[in-house]
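Below, each chain spelled out in residue letters.
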Amino acid sequence: MSDSAGGGESGGGAGQDSEADNEPPQQPPPLLPGGAGEISKEGASPSAKRLRMIEEDVGQDQVVEPVQRHEETPTQPSSLQGRPAQRAEGDLLQCEEGGHSGKGVVVVGEEGEYHQNGEEGPKPEEEHNDDGSAESPGDGQQLSLDFTQNPQMLTGSWTEYSNLPENYLKGCKWAPDGSCILTNSADNVLRVYNIPPEIYSYNWDLLPEMSPVLRMAEGDTIYDYCWYPKMNSLEPDTCFLASSSRDNPVHVWDAFYGEVRASFRPYNHLDELTAAHSLCFSPDGAQLYCGFDKMVRVFHTERPGRDCEERPTIVKKQGQSGIISCFGFSPCQSVYACGSYSRCAGLYSCQDGTLLALLPTRHHGGLTHLLFSPDGNYLYTGGRKDPEILCWDLREPGRVVFSLKRNVATNQRIYFDLDQSGRYLLSGDTEGVVSVWDTHTAPPDGNEELLQPQLRFQAYWDCTNGVSIHPFMPLLATSSGQRQFPWPGDSEGDSASDTEGSGAVMSQQDTRQDNVLTLWWAGPLSPAAEGSQDQSTTAAEA
C-alpha cells in the first residue's frame with residue numbers, strides 16, 4: 001500500500017513518523033502489472049468516502065486527503081488511461097465464444113484481459129524479451145492454480161518476527177484487490193506487505209526478503225481483523241481494515257497511512273466497553289458485524305461511535321449459545337453464518353438477524369473459521385482441537401456432504417481458504433503441513449465420506465496457522481507459529497546431568513519455532529524454471 005514502512009509500533013499507528021518530520025504523505029503506489037483493473041466510482045460504497053471525514057471519535061483535528069494527491073500523480077499505466085472503467089477482479093462476466101456461454105473470472109492487467117476459467121480474452125500484442133520469451137508469468141499464460149506439483153516458495157518475511165521471543169503469527173489475509181497482504185502476530189501488531197515487483201518476472205532467485213510497509217499496533221491481544229470488501233488501491237478512501245483487541249473498541253485503520261480512521265465502541269448490558277471476538281464486513285461494506293457472547297452487534301460503517309443494532313442469538317432460551325467466534329456471508333443470498341464456541345453454526349437473515357437454521361453439533365471443539373462456497377450451496381466449518389473440516393449442504397441443512405481430515409491439536413485458530421472457483425480448499429495443520437483438497441472429486445450421490453487430499457507438502461516445521469489464496473493470481477500466502485510451552489523438568493535448580501538433558505529438550509523445542517510469512521507460486525512454471533527443476537531432480541536421483 002505505502003512505499004515505505006511508516007513509524008514505530010506504538011501510539012496512533014505507523015504512519016505518524018513521516019508527518020512528524022513534516023514530510024508529505026506517501027504516494028499511492030502505481031498499478032502493478034497483472035493487478036486489478038480500475039473500479040468505477042459508481043460502484044464504490046458512499047460510506048467508505050464519508051468515513052474519511054468522520055474523525056470525532058479518534059480526536060484528530062486535521063485530515064490529510066490522499067485523493068487529491070492521488071489525482072495529481074497518475075498511477076494508472078498508459079494502457080489503462082483513457083479506457084472505460086473495468087469491473088473489479090472476481091466479478092463474474094458472461095463469456096460467449098463460438099456459441100458457448102459460461103462464466104469466468106476476468107483479470108484486467110497492463111497486458112489485457114485474461115480469463116481464469118481457461119478462456120482467453122482479447123489482448124494487445126505481447127511484449128517479449130530479446131530471446132522471444134514472455135516477460136512475466138501472466139504474459140501468454142492462463143493464471144490458474146496448478147496443484148499437480150508442490151508450490152514453489154518465492155519469498156517471505158522472517159526477520160520481522162525474530163526480534164521478540166515467541167512472536168508467532170496468527171494468520172494472513174490478502175487484500176480484496178490483491179495488491180498487498182495483512183498479517184497478525186503475537187506482538188499485537190498488524191503488518192501490511194506489498195507484493196514484491198520481482199514476482200511478475202521469472203527472476204525469482206533475485207527476490208529479497210519482504211519487509212512491511214505499514215505497522216499498526218493494537219493495545220492488547222488482537223481477537224480478529226478483516227479487510228473492507230470494496231477495497232481498491234486506486235481509491236485510497238476505500239483502503240481500510242478493521243481490528244478488535246481485548247479491552248479496546250473496534251478500530252478502523254487507514255491502509256495507506258497506518259492511522260486510526262474511526263472506532264466503533266460496543267457496550268454490554270452494564271454499559272461497560274466490551275471487545276468483539278470476531279469481525280466481518282457485509283459484502284457491500286455498509287455494515288460491520290461484531291460477535292459477542294450470545295450476541296451479534298451490527299454497526300453502520302458510515303456512522304462510527306456506539307450506535308448499533310443488537311441481535312441476540314438466543315431468544316426465549318432457544319438458539320445458538322456461546323461466544324460468536326467467526327462470520328461468513330453467502331455470496332448469492334441475504335444470509336450470513338455464525339460459528340460459536342458452543343461447537344455449532346447458525347444461519348441468519350441479513351435483514352433482521354432472524355435465525356433460519358441451526359446446524360447440528362458435529363465438531364469436537366469450538367468453531368474458529370467458516371466459509372461459504374462461491375455458489376452459496378455449501379458451508380465449510382472448522383474448529384479448534386478438531387481433526388475435521390465439515391462440508392454442509394445448505395439445501396438440506398444438517399446434512400454433511402464430506403469431511404476433510406487435518407491435524408489440529410491446539411486451541412489456536414487454524415484458517416483455511418477456497419479459491420475463486422470453489423474447487424480447491426487449502427488448510428494447514430499443527431505439524432506444518434499444507435493440504436490441498438479437490439472438492440470436485442466428492443461423490444455425486446452426496447454420501448458422507450472422508451475426502452482424501454490431492455496434495456500435501458511440508459511448508460514449515462511449526463504450525464501452519466494461516467493460508468490465503470490470491471484473488472486472481474496463482475499465489476499462496478501462508479503463516480506459521482504457535483505458542484510454545486516449556487517442557488516439564490526444565491528448571492534452573494536441576495543437577496548437571498538434568499540440565500544437559502533439559503538443554504537437549506529445549507534445543508529440540510527451539511528447532512520447532514518457525515515464525516514466518518511465506519509466498520508460494522502455485523501456477524505454471526516458465527520453461528527455464530521447469531528445466532532447472534528437472535536438472536535438480538535428476539541430480540538428486542543420481
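Shown above is the structure to which this text applies.
Residues numbered from 1 in each chain as written. Predicted model: local features only at pLDDT ≥ 70, side-chain atom pairs only at ≥ 80, totals over all residues. Heavy atoms only, no water.

Concerning the overall build of the protein
A tally of helices and strands in the protein yields 5 helices and 34 strands. Counting across all 542 residues of the protein, residues that qualify as buried make up 54%. Put simply, of all contacts in the protein between residues at least 6 apart along the chain, 58% involve residues at least 24 apart. With an accessible surface of roughly 24100 Å², the protein has 47% of that area assigned to carbon and sulfur atoms. (Helix = DSSP H or I, 4+ residues; strand = E, 2+ residues; numbered from the N terminus. Buried < 20%, exposed > 50% of the residue type's maximum accessible area, 1.4 Å probe, protein only. Contact = heavy atoms within 4.5 Å. Areas by Shrake-Rupley, 256 points an atom, 1.4 Å probe, with all protein chains shown as cover.)

Description of the sheet that holds strand 8 (residues 214-217)
Taken together, 4 strands build an open sheet; the order of strands is 5-6-7-8 and the sheet is antiparallel. Only two strands of the sheet have a single neighbouring strand rather than two, namely strand 5 (169-174) and strand 8. Ignoring strand direction, the axes of neighbouring strands in this sheet form an average angle of 20 degrees. Where strand 5 meets strand 6 (residues 180-185), 4 bridges bridge the pair, whose relative direction is antiparallel. (Pairing = 2+ DSSP bridges. Axes fitted to C-alpha atoms, helices over the stretch in contact; angles between N-to-C directions.)

Examining the pattern of salt bridges
Summed over the entire model, instances satisfying the criterion amount to 14 salt bridges. Glutamate 309 is the partner of arginine 311 in a salt bridge, and the nearest nitrogen-oxygen pair spans 3.0 Å. On the accessibility criterion, arginine 311 (3% relative accessible area) is buried. Between arginine 399 and glutamate 396 there is a salt bridge whose closest N-O contact spans 3.3 Å. For arginine 399, a relative accessible area of 25% corresponds to the partly exposed category. Look at glutamate 396 and you get partly exposed, because its relative accessible area is 44%. If you follow the salt bridges from partner to partner, you end up with Glu160, Asp187, Arg191 and Arg215 in one network. (Salt bridge = Lys/Arg side-chain N within 4 Å of Asp/Glu carboxyl O.)

Some details on the nonpolar core
Of all hydrophobic cores here, the largest spans 21 residues; its most connected members are Leu154, Trp174, Ile181, Leu475 and Trp521. Broken down by secondary-structure element, the contributors of at least two residues to this core are strand 5, strand 33 (475-480) and strand 34 (517-521). Setting aside anything within four residues of it in sequence, one finds leucine 475 in contact with Leu154, Trp174, Ile195, Ile199, Ser468, Ile469, His470, Trp520 and Trp521. (Core = buried A, V, L, I, M, F, W, Y, C linked by side-chain atoms within 4.5 Å.)

Notes on empty space enclosed by the protein
Taken as a whole and assessed by the stated rule, the structure comprises 3 cavities of 30 Å³ or more. Of the pockets and cavities examined, the second largest cavity occupies roughly 50 Å³. Surrounding the second largest cavity, 10 residues form its lining, Gln149, Asn150, Pro151, Trp521 and Gly523 being those nearest its centre. Residue classes in the lining of the second largest cavity are distributed as 4 nonpolar, 5 polar and 1 charged. (1 Å grid on protein atoms, 1.4 Å probe; cavity = no way out; pocket = protein on both sides within 12 Å on 5 of 7 lines; lining within 4 Å. Points joined across faces, edges and corners; volume = space filled by probe spheres on them. Nonpolar A, V, L, I, M, F, W, Y, C, P; charged D, E, K, R; others polar.)

What about unusual backbone geometry?
Not every positive phi belongs to a glycine, and asparagine 188 is a case in point at roughly 65 degrees. Looking at where asparagine 188 falls in the secondary structure, it is placed in the loop between strand 6 and strand 7 (189-194). The exposure class of asparagine 188 is buried, given its relative accessible area of 15%. Notably, lysine 317 is not glycine yet its phi reads approximately 65 degrees, a positive angle. By secondary structure assignment, the location of lysine 317 is in the loop between strand 17 (314-315) and strand 18 (318-319). Under the relative-accessibility criterion, lysine 317 is labelled exposed at 82%.

Focus on the packing of aromatic side chains
A full pass over the atoms with the stated rule returns 14 aromatic pairs. Between phenylalanine 147 and tyrosine 424, the ring centres sit 4.9 Å apart and the planes meet at 65 degrees, which makes this aromatic pair edge-to-face. Of this pair, phenylalanine 147 sits in the loop between strand 3 (112-115) and strand 4 (152-157) while tyrosine 424 sits in strand 28 (residues 424-427), placing them 277 residues apart in sequence. You'll find phenylalanine 147 and tyrosine 424 in the same group, each marked buried. Summarising the aromatic geometry, the rings of tryptophan 204 and tryptophan 521 are spaced 5.2 Å apart at their centres and angled 45 degrees between planes, so their arrangement reads as tilted. Note that tryptophan 204 is positioned in the loop between strand 7 and strand 8 and tryptophan 521 in strand 34, a separation of 317 residues in sequence. (Phe/Tyr/Trp six-rings, centres within 6.5 Å; stacked < 30°, edge-to-face > 60°.)

Here's the deal with the environment of asparagine 184
Along the chain, asparagine 184 turns up in strand 6. For asparagine 184, a relative accessible area of 3% corresponds to the buried category. Between the C-alpha atom of asparagine 184 and that of serine 479, which follows or precedes it by 295 residues, the distance is 9.4 Å. Once you skip the residues sitting within four places of it in the chain, asparagine 184 turns out to touch Leu169, Lys170, Gly171, Val189, Leu190, Ile222 and Tyr225.

Observations regarding the sheet that holds strand 25 (residues 388-393)
Overall, mixed pairing links the 5 strands, which are arranged 23-24-25-26-30 in an open sheet. If you trace the sheet from one side to the other, it starts and ends with strand 23 (367-372) and strand 30 (450-451), each paired once. Sheet analysis places strand 23 next to strand 24 (residues 378-383), joined by 5 bridges and oriented antiparallel. The residue bridging leucine 367 from the neighbouring strand is glycine 383, located in strand 24.

Describing the state of the cysteines
Inspection of the entire model under this criterion finds 0 disulfides. Free of any disulfide, cysteine 308 has its nearest cysteine sulfur in cysteine 290, 7.9 Å distant. Cysteine 308 sits in the partly exposed class, given a relative accessible area of 30%. Of the cysteine sulfurs around cysteine 350, a residue in no disulfide, the closest is that of cysteine 338, at 9.6 Å. For cysteine 350, a relative accessible area of 16% corresponds to the buried category. (Disulfide = S-S within 2.5 Å.)

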